[in-house]
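Notes for the structure review
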Amino acid sequence: MKSHVPGLVVGVVAAALGAAAWAAVAYFVLVEISWLALGIGAMVGYGVGRYSPGVPGFVRGAVAVAYLPATIEPTASTTAIAPLTNP
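Residues numbered from 1 in each chain as written. Predicted model: local features only at pLDDT ≥ 70, side-chain atom pairs only at ≥ 80, totals over all residues. Heavy atoms only, no water.

1. A word on the overall build of the protein
Using the following cut-off: In this description a helix means any DSSP run of H or I spanning at least four residues, a strand means any run of E spanning at least two, and both kinds are numbered starting from the N terminus. When a residue's accessible area, from a 1.4 Å probe over protein chains only, is under 20% of the maximum for its type it is buried; when over 50% it is exposed; and in between it is partly exposed. Only heavy atoms matter for contacts: two residues are in contact if any of them lie within 4.5 Å across the pair.
Across its full length, the protein holds 3 helices and 2 strands. Seen in sequence order, the protein has helices and strands lined up from the N terminus as α-β-α-α-β. When burial is assessed residue by residue, the protein has 13% of its 87 residues classed as buried. Here the contacts in the protein between residues at least 6 apart in sequence split such that 76% fall between residues at least 24 apart.

Following this line, the structure appears as structure tokens:
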């Protein structure tokens, strides 16, 4: 049986690096760039897919598409780049 641990580790590391990059952009530039999340998701998905053996690519793609509606925030602004404001 093949282990999925390498894919899990790569996915967690990629997510942590992506979150750090997103936070740095938001902190230093003072804007939230929502489409940056798509790049982070692609990076995590690629890493998990590359290092998780035995799962066909179309199954991973179908799962990703199935989760897409859950990622859309109903109260999200209509702009892709929103300035940060103090509460």
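Back to the text.
2. Some details on the packing of aromatic side chains
What counts here: Planes of paired rings set the category: under 30 degrees apart is stacked, over 60 is edge-to-face and the rest tilted, where pairs are Phe, Tyr or Trp rings (Trp by its six-membered ring) whose centres lie within 6.5 Å. We call a charge positioned above a ring when the Lys NZ or Arg CZ atom is no farther than 6 Å from the ring centre and deviates by at most 35 degrees from the ring normal.
This model, assessed by the stated rule, comprises 1 aromatic pair. With centroids separated by 5.0 Å and ring planes inclined at 85 degrees, the aromatic side chains of Tyr-27 and Phe-28 adopt a geometry described as edge-to-face. When its relative accessible area of 61% is taken as the criterion, Tyr-27 is described as exposed. Judged by its relative accessible area of 66%, Phe-28 falls in the exposed class. The ring of Tyr-51 carries Arg-50 above its face, with NZ or CZ at 5.4 Å from the centroid.

3. Some details on the packing of helix H1 (residues 5-29) against helix H2 (residues 36-51)
The test is simple: Only the stretch in contact is used when fitting a helix axis, every axis being a line fitted to C-alpha atoms; angles between N-to-C directions are given from 0 to 180 degrees. Roughly parallel here means an angle under 35 degrees, roughly antiparallel means over 145, roughly perpendicular means 65 to 115, and every remaining angle is called oblique. In this scheme the handedness of a crossing depends on how the near helix is turned from the far one: anticlockwise by less than a right angle means left-handed, clockwise means right-handed. When residue character is reported, Ala, Val, Leu, Ile, Met, Phe, Trp, Tyr, Cys and Pro are called nonpolar, Asp, Glu, Lys and Arg charged, and the others, Gly included, polar.
Between H1 and H2, the shortest axis-to-axis distance is 8 Å and the interhelical angle comes to 165 degrees. Relative to H2, H1 is oriented roughly antiparallel. Where H1 crosses over H2, the two elements pack in a sense that is right-handed. Touching Pro-6, Gly-7, Val-10, Gly-11, Ala-14, Ala-15, Gly-18, Ala-19, Trp-22 and Val-25 of H1 are Leu-36, Ile-40, Met-43, Val-44, Gly-47, Val-48 and Tyr-51, all from H2. Across the contact of H1 with H2, the residue classes break down as 13 nonpolar, 4 polar and no charged.

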